[in-house]
Every structure is written in structure tokens, then in C-alpha cells.
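Inside the fold
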Amino acid sequence: MSLMLGQDLPLGRPDADSSRSALFVPSQSIKEDLLQTIRKGAAVVGFGNHDRTLTIYFESNRFNDPALASWAQKARKAYDRLAENLPTVSKMICDPENFEQVGYINGKSINIRRMPSLLRWLEYSEALETAPTEEVVLWTPPPPPKKIG
């Protein structure tokens, strides 16, 4: 049984910075092969499909990029891939019973609605130190390029 899907599950790929996607964590009943694919500590974003499946994109920082040290940074990377429909092997269509929706992400922020579930996932993954400290994580735009001369 899935705890997360309701009328507020975003349907379809986001099309602008204000469009949102869902944030997920693996449910306690996730199939082992899926868990091995997304890897412990991964950030999972996605949306519902009309056939009652989920399309998810995930980022687990497989190559230990320092820019993806925190869970929020991983979530942002996965969201950017999803929103831009970039080619990646880190995506799949799956059964919603494998995931629990814990919040939302858009081009400007992360909003976590079920922090205990996120913390459970990160603790299980031995990645609790990567957890966000607040339920809302705002993105700051990059600084403008330095002028030369």
C-alpha cells in the first residue's frame, strides 16, 4: 500500500520554474532490485502518469562529485534532468507502491512535507548528515560572472 499518492501528485513533466514535481523516498516495501538500481541515499523526483505509474529520475552521486554532497543538491540535479528531459540512465517508470511522496521540488525550492520519512530513508542509507536542516530549501541563483578589465 502506498501512503503518498493523492490528488496533489503532480501529473506530467514540469514545463517552467513554477511547475513542480514530487519528491519521493523508497517505501518500506520497495522491491530489492529497484533499491539496488536507485542506490542508498538517492534523491528521487518525479511525477504521476495517467496510467497510474510514476516516472522518476534519481541521483545517488555514484561518482562522489563534491557538488552533490547533500541530499538537496542531489534532488536539484535529478529535477534539472527531469525538467529538461535530458538523457540519463537514472530514470524509470515504476509502480507507485515502491515510493512514498515526501514533498515537492520546482526550479526555485524544495518543500518537504514528510520530514520523518525523508530522515528514515537517509538514516537507513547511512546518509543522515546529508539531510536538509529545514523543510524549505530555497535555491540561490549563481553569482553573475566577473567582468574582465
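Just above sits the structure.
Residues numbered from 1 in each chain as written. Predicted model: local features only at pLDDT ≥ 70, side-chain atom pairs only at ≥ 80, totals over all residues. Heavy atoms only, no water.

The next subject is the sheet that holds strand 7 (residues 136–138). An order of 4-3-2-1-5-6-7 is seen for the seven strands of this open sheet, with the pairing classed as antiparallel. The two strands at the open ends of the sheet, each matched to only one other strand, are strand 4 (91–94) and strand 7. Going from strand to strand, the sheet's axes swing by 30 degrees on average, the running direction of each strand aside. As defined by bridge partners, strand 5 (residues 99–105) adjoins strand 6 (residues 109–112) across three bridges and the pair is classed as antiparallel. The residue bridging Ile105 from the neighbouring strand is Ile110, located in strand 6. Sitting on the sheet, helix 2 (residues 71–84) is in contact with strand 1 (21–26), strand 2 (43–48), strand 3 (54–59), strand 5, strand 6 and strand 7, with an inclination near 35 degrees to strand 2. Strand contacts of helix 3 (residues 115–124): strand 1, strand 5 and strand 6, with the helix running at about 50 degrees to strand 1, the strand carrying the most contacts. (Pairing = 2+ DSSP bridges. Helix = DSSP H or I, 4+ residues; strand = E, 2+ residues; numbered from the N terminus. Axes fitted to C-alpha atoms, helices over the stretch in contact; angles between N-to-C directions. Contact = heavy atoms within 4.5 Å.)

Here we come to the pattern of salt bridges. Opposite charge on two side chains lets them pair, provided their charged atoms get close. Scanning all chains against the criterion turns up three salt bridges. Where Arg81 meets Glu59, a salt bridge forms, and the shortest distance between an N and an O atom there is 2.4 Å. Pair noted here: Arg81 is in helix 2 and Glu59 is in strand 3, with a separation of 22 residues, a long-range link. With respect to burial, Arg81 and Glu59 carry one shared label: buried. Two residues, Glu100 and Arg120, come together in a salt bridge whose shortest N-O distance is 3.5 Å. (Salt bridge = Lys/Arg side-chain N within 4 Å of Asp/Glu carboxyl O. Buried < 20%, exposed > 50% of the residue type's maximum accessible area, 1.4 Å probe, protein only.)

So, about unusual backbone geometry. If you check the backbone angles, Arg39 has positive phi at about 75 degrees while not being a glycine. Along the chain, the position of Arg39 falls in the loop between helix 1 (32–38) and strand 2. Phi is positive for Asn85, close to 55 degrees, though the residue is something other than glycine. For Asn85, the location among the structural elements is in the loop between helix 2 and strand 4.

Attention shifts here to the nonpolar core. Residues Leu23, Phe24, Ile56, Trp71, Phe99, Ile110 and Leu118 are the most contacted members of the largest nonpolar core, which totals 37 residues. At six residues, the largest contribution of residues to this core is made by helix 2. Sequence-distant contacts of Ile56, that is, excluding residues within four places in its chain, are made with Phe24, Val44, Val45, Gly46, Ser90, Lys91, Met92, Cys94 and Phe99. (Core = buried A, V, L, I, M, F, W, Y, C linked by side-chain atoms within 4.5 Å.)

Here we take up the side chain of Lys74. Mapped onto the elements of the fold, Lys74 is located in helix 2. Here Lys74 is in contact with Gly41, Ala43, Glu59, Ser60, Asn61, Leu68 and Ala69, once residues within four sequence places are set aside.

Where strand 5 folds back on strand 6, the antiparallel hairpin that results is connected by three residues. Across three bridges, strand 6 lies against strand 7 in antiparallel orientation. Residue pairing in the sheet places Ser109 in a bridge with Leu138 of strand 7.

Taken as a whole, this structure holds two aromatic pairs when the rule is applied. Ring centres of Trp121 and Tyr124 lie 6.1 Å apart, and the angle between their planes is 25 degrees; on these two criteria the pair is classed as stacked. Here Tyr124 and Trp121 lie together in helix 3, a separation of three residues that amounts to about one turn. Overall, the relative accessible area of 43% leaves Tyr124 in the partly exposed class. Residue placement shows Arg20 over the ring face of Tyr104; its charged tip is 3.8 Å from the ring centre. For the cation-ring pair, Arg76 lies above Trp139, with the distance from its terminal atom to the ring centre recorded as 4.8 Å. (Phe/Tyr/Trp six-rings, centres within 6.5 Å; stacked < 30°, edge-to-face > 60°. Lys NZ or Arg CZ within 6 Å of the ring centre and 35° of its normal.)

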